[in-house]
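Structure assessment
If you want the building blocks of each chain, they are given just below.
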Amino acid sequence: MPLSSAAPRTVRAAGAIVGLQGVAALVFTVLLLVRGLSGESEMGGNVFGEAAYFAVLAAAVLACGIGLLIGKTWARSPAIVIQVLLLGVAWYAAGPSGRPEYGVPVGVLCLAALVMLFHATTNRWAQGEE
C-alpha cells in the first residue's frame, strides 16, 4: 500500500522524523511508567500523572507524523509547532543543561524537519497546488 502519491518526498521524510520523535516520546512514557511501578521514583504518585501527560503528547506527535506520512495536509502546521518547541528543548539541553550529546542530535533533526516542512514543494502541496 503506497503511503500517498500526492505527498511530495519532503513531506514523507518530515513525517518520518516527526513519527520517530513520537515513538521516542512513547518509549520515554513507558520508561516513566516502569520507574513509577518499580518504586524507584522519588516523586511518588506524581510520576503516573507525568506519564499520562507524556502519553497524550506522544500520541499527538505520533499522529502528526503518521498524518504527514500518509499525505494529510492538516498535519503540517502542528508538526511545525512541534519542531519549533523541540528546537528550544534541544537548545536548552545543549547549552544551559550541558548535555550536547542529547541536544545537538535533536536540534539537527528538528532543523532538518523544518527545512523539509518549509520546502517549496511542501508549500505547494499544502496549498493544494500540486
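Our subject is the structure that appears above.
Residues numbered from 1 in each chain as written. Predicted model: local features only at pLDDT ≥ 70, side-chain atom pairs only at ≥ 80, totals over all residues. Heavy atoms only, no water.

Below, the discussion takes up the overall build of the chain. Scanning the chain from terminus to terminus reveals five helices and zero strands. Written out in order from the N terminus, the α and β elements of the chain read α-α-α-α-α. By the burial criterion, 33% of the 130 residues in the chain qualify as buried. Partitioning the contacts of the chain with sequence separation of at least 6, the portion at a separation of at least 24 is 65%. In the structure as shown, the chain presents an accessible area of about 7,600 Å², 71% of it carried by carbon and sulfur atoms. In the chain, 7 positive and 6 negative side-chain charges are present, and the distance between their average locations comes to 13 Å. (Helix = DSSP H or I, 4+ residues; strand = E, 2+ residues; numbered from the N terminus. Buried < 20%, exposed > 50% of the residue type's maximum accessible area, 1.4 Å probe, protein only. Contact = heavy atoms within 4.5 Å. Areas by Shrake-Rupley, 256 points an atom, 1.4 Å probe, with all protein chains shown as cover. Lys, Arg positive; Asp, Glu negative; His and termini not counted. Charge placed at Lys NZ, Arg CZ, Asp CG, Glu CD.)

A surface patch of nonpolar side chains, about 260 Å² in accessible area, is lined by Val23, Val27 and Leu31. Exposure remark for Val23: the relative accessible area of 42% places this residue in the partly exposed category. (Patch = residues over 30% accessible without salt bridge, like charges linked within 9 Å, V, L, I, M, F, W, Y side chains within 5 Å. Salt bridge = Lys/Arg side-chain N within 4 Å of Asp/Glu carboxyl O.)

Below, the discussion takes up the pattern of salt bridges. According to the stated counting rule, one finds one salt bridge in the structure shown. In this structure, Arg99 and Glu101 form a salt bridge, with 2.5 Å as the shortest nitrogen-oxygen distance. Relative accessible area serves as the criterion here: at 44%, Glu101 is assigned to the partly exposed category.

Of all hydrophobic cores here, the largest spans 17 residues; its most connected members are Val11, Val18, Leu68, Ala79 and Leu117. For this core, the elements supplying multiple residues, two or more each, are α1 (9–38), α2 (46–69), α3 (76–94) and α4 (100–117). (Core = buried A, V, L, I, M, F, W, Y, C linked by side-chain atoms within 4.5 Å.)

Throughout the structure, instances matching the rule amount to zero disulfides. In this structure Cys64 is a free cysteine whose sulfur lies 13 Å from that of Cys110, the closest cysteine sulfur available. Assessed through its relative accessible area of 6%, Cys64 is described here as buried. (Disulfide = S-S within 2.5 Å.)

Topologically, Gln83 is positioned in helix α3. The residues touching Gln83, leaving out its near neighbours within four places in the chain, are Val18, Gln21, Leu109, Cys110, Ala113, Leu114 and Leu117.

Before going further, it helps to spend a moment on the environment of Ala60. The topology assignment puts Ala60 in helix α2. Separated by 19 residues in sequence, Ala60 and Ala79 have C-alpha atoms that sit 9.6 Å apart.

What follows covers the packing of α3 against α4. In contact at an axis separation of 8 Å, α3 and α4 are set at 155° when each is read in the N-to-C sense. Our classification of the angle between α3 and α4 gives roughly antiparallel. α3 and α4 meet at a crossing whose hand is left-handed. Between α3 and α4, the residues in contact are Arg76, Ala79, Ile80, Gln83, Val84, Leu86, Leu87, Ala90, Ala93 and Ala94 and Pro100, Gly103, Val104, Val106, Gly107, Leu109, Cys110, Leu111, Ala113, Leu114 and Leu117, respectively. (Axes fitted to C-alpha atoms, helices over the stretch in contact; angles between N-to-C directions. Parallel < 35°, antiparallel > 145°, perpendicular 65-115°, else oblique. Left-handed = near helix turned anticlockwise from the far one by under 90°.)

Moving on: the packing of aromatic side chains. Inspection of every chain in the model, using the stated rule, returns two aromatic pairs. For the ring pair Phe28 and Phe54, a centre distance of 5.0 Å and an interplane angle of 80° mean the geometry is edge-to-face. Of the two residues, Phe28 sits in helix α1 while Phe54 sits in helix α2, which places them 26 residues apart along the sequence. Between the aromatic rings of Tyr53 and Phe54, the centroid separation amounts to 5.7 Å while the plane-to-plane angle is 75°, which identifies the pairing as edge-to-face. (Phe/Tyr/Trp six-rings, centres within 6.5 Å; stacked < 30°, edge-to-face > 60°.)

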